[in-house]
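Fold and geometry: a report
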Amino acid sequence: MTFKKIISGSAFVLSSMFSISLIGQGEANIWYMGQEIGLDFSTDPPTLIDGLSSVGMDGKDAELESFSTISNSNGEFLFGVAGKDIYSADLVKRGVLPDGSNYHLAQGSQIIKIPGSTNEYYIISVPMGNSGSCTSPAPSYTKVTVSGTSGNNISISPSQHFTHSNVSGGQMILPVTDNNGNPTGEHWIIFHGVNNNEFHIYKMDFNGNINFEKKISDGPDASVANCGLSTGDVAVMLKSNGCYNQFVMNYGNNVSLFDFDAENGDVLFKNSTGPINEAYGVEFSPSGKNVYISTGTFLAATKIYKIPVTPGGTGSSLGSATEIGTPWGTKRGGSMQLAPDGKIYVGGFSSWGDWYNTKAYIGTISDPDGAGVFDPTAIELDDPKHLGMGMPTFMTSLVSNVLKIAPTNACVGEDANFEYSLTGLENTPPERSWKFFDSPSTAVSPIGTSSDKDAVFNWSSSGTKAVTLEVKDACGRSKHDTIYVEI
């Protein structure tokens, strides 16, 4: 199946197909968050769409965290999670996760395709901890089998638990890579312990088996001191850069940087920066050169900070934080999530008791690799709706270094001009390979090639043509995209 953009004109119809690759390019296209709020990133800018109407009915004061969604490689929504509830393609609740978080856990769930499968996924869920004791049940994984893209398209298997309990509210899923940094198809699943500095590291193999690999103690503790402030949830946030070789951890008033060996799963603490009072949301820029932080959960004012990662990649350190703006949400700063368009989206809210009488907005950080321009009211929501603190959580691999060939038009005998975008940086020097085909099949030899940034090609006959592009990103990995052009 393909995700198509049909462009009408007197001489052409063009449709684009995201390439079939190890990492899909449309799987993070549909977002659901808050109450009845959704974004569709198949358009630029994203389109505001109806969301999940029953979310958060456990109380109007819910922070509305713990969202995750997944689409197919064509950008068609498959299923999602809000709090403990699982929704099918028709946005109807179909099941619940164990040890449910009730919309109060920032990284409560994350969705991953089972290696080697075309229609089976795991929901990796983190439980809510126990009040005062800083303990929690073990995290869980729940298999969801997908059939189609409409109606009740999912079947949910009984959940299984990981082997180690007592974890914080954060989680991270990263590809296993070979010694050249290329993903192998397996995945690392990483949690952080409560009241210690332990990382629990699991590996998901090609058959979907999840095995405990190691426990590594490094960096600052996720201290017991803050457990009593909520219901046992130690609010740790974990986010990786686009090369999967570094990650940051928010906890309390500090942001900490770690090197990560995606080949063998080792963790190495680099440094912390702070104090950044009540650091909450966190996200890397696409190139990994900057980290952004949102603050404010109980007492501190809501702010947005930018922190340089110098010089970038392994061996780097966090610099000093610079305030770049104030969120629309004055009560609580929200989660941050990098999107397929290369911007970082920011949640938050301003009122506990009368949110339904208050206009709400989604903020964005544009040019996060450069100036980092924060707009607190970038997307105005249609009606007064409760956005809460949550953005849907995606694996870094679904939103980092996404390559897209831009649509173009052409007639027989005329030059067709092709451009592309990459949410991240290219390899230095650039390595690009355009290929132009005289039929829809890319299995035959191309009739033209180019290494230019903006390529030009001229077809002498009508029909359906194919264009492919391979680009190496700054991590040295090959990224692909394909479009079909009807001349």
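I will try to describe carefully the structure that is included in this document. What you are looking at is a predicted structure, and each value in this text was computed from that prediction instead of being measured.

Attention now moves to the nonpolar core. Phe79 and Ile362 are the most contacted members of the largest nonpolar core, which has 84 residues in total. Looking at this core, the element that brings in the most residues is strand 6 (residues 77–82), giving 5 residues. Residue contacts for Ile362: discarding those within four places in its chain leaves Met33, Ile37, Leu39, Tyr345, Val346, Pro376, Thr377, Ala378, Ile379, Leu381, Leu387 and Met391. Formed by 19 residues, the second largest nonpolar core is a distinct cluster that contains Trp188, Phe247, Phe258 and Ala262.

Where burial is concerned, the two faces of strand 3 (residues 37–40) agree: the one with Ile37 and Leu39 and the one with Gly38 and Asp40 are both buried. A loop of 3 residues connects strand 2 (residues 30–33) with strand 3, the two strands running antiparallel in sequence, and Gly34 in this loop sits at a positive phi of about 55°. With 4 bridges connecting them, strand 3 and strand 4 (residues 47–50) associate as antiparallel partners. Pairing of Leu39 across the sheet is with Leu48, part of strand 4. Linking strand 3 to strand 4, which pair antiparallel, is a turn of 6 residues.

We now examine the sheet that holds strand 16 (residues 198–204). Strand order in this open sheet of 4 strands is 14-15-16-17, and the pairing throughout is antiparallel. The sheet terminates laterally at strand 14 (167–177) and strand 17 (210–217), the two strands that pair on one side only. Pairwise comparison of adjacent strand axes, ignoring direction, gives a mean angle of 25° for this sheet. Relative to strand 15 (residues 183–193), strand 14 runs antiparallel, the two being bridged by 7 bridges. When the bridges of strand 15 are listed, Pro175 appears paired with His187.

Criteria and cut-off values
Throughout this description, residue numbers start from 1 for each chain and increase along the sequence as written. This being a predicted model, a pLDDT of at least 70 is required before a residue's local features are given, and a value of 80 or more before pairs of side-chain atoms are given or counted; all residues contribute to the totals for chains, interfaces and linings. Side-chain numbers come from the whole structure's heavy atoms, not from hydrogens or water. As used in this record, nonpolar core signifies buried Ala, Val, Leu, Ile, Met, Phe, Trp, Tyr and Cys residues forming a set joined through side-chain atoms within 4.5 Å. For every residue, the accessible area (1.4 Å probe, protein chains only) is compared with the maximum for its type, and the residue is labelled buried under 20%, exposed over 50%, or partly exposed between those bounds. Counting from the N terminus, the helices are DSSP H or I runs at least four residues long and the strands are E runs at least two residues long. It only takes one pair of heavy atoms within 4.5 Å for two residues to be counted as in contact. The pairing criterion is simple: DSSP has to find at least two bridges between the two strands. The angle between two axes is taken between their N-to-C directions and runs from 0 to 180 degrees, where each axis is a line fitted to C-alpha atoms and a helix contributes only its stretch in contact.

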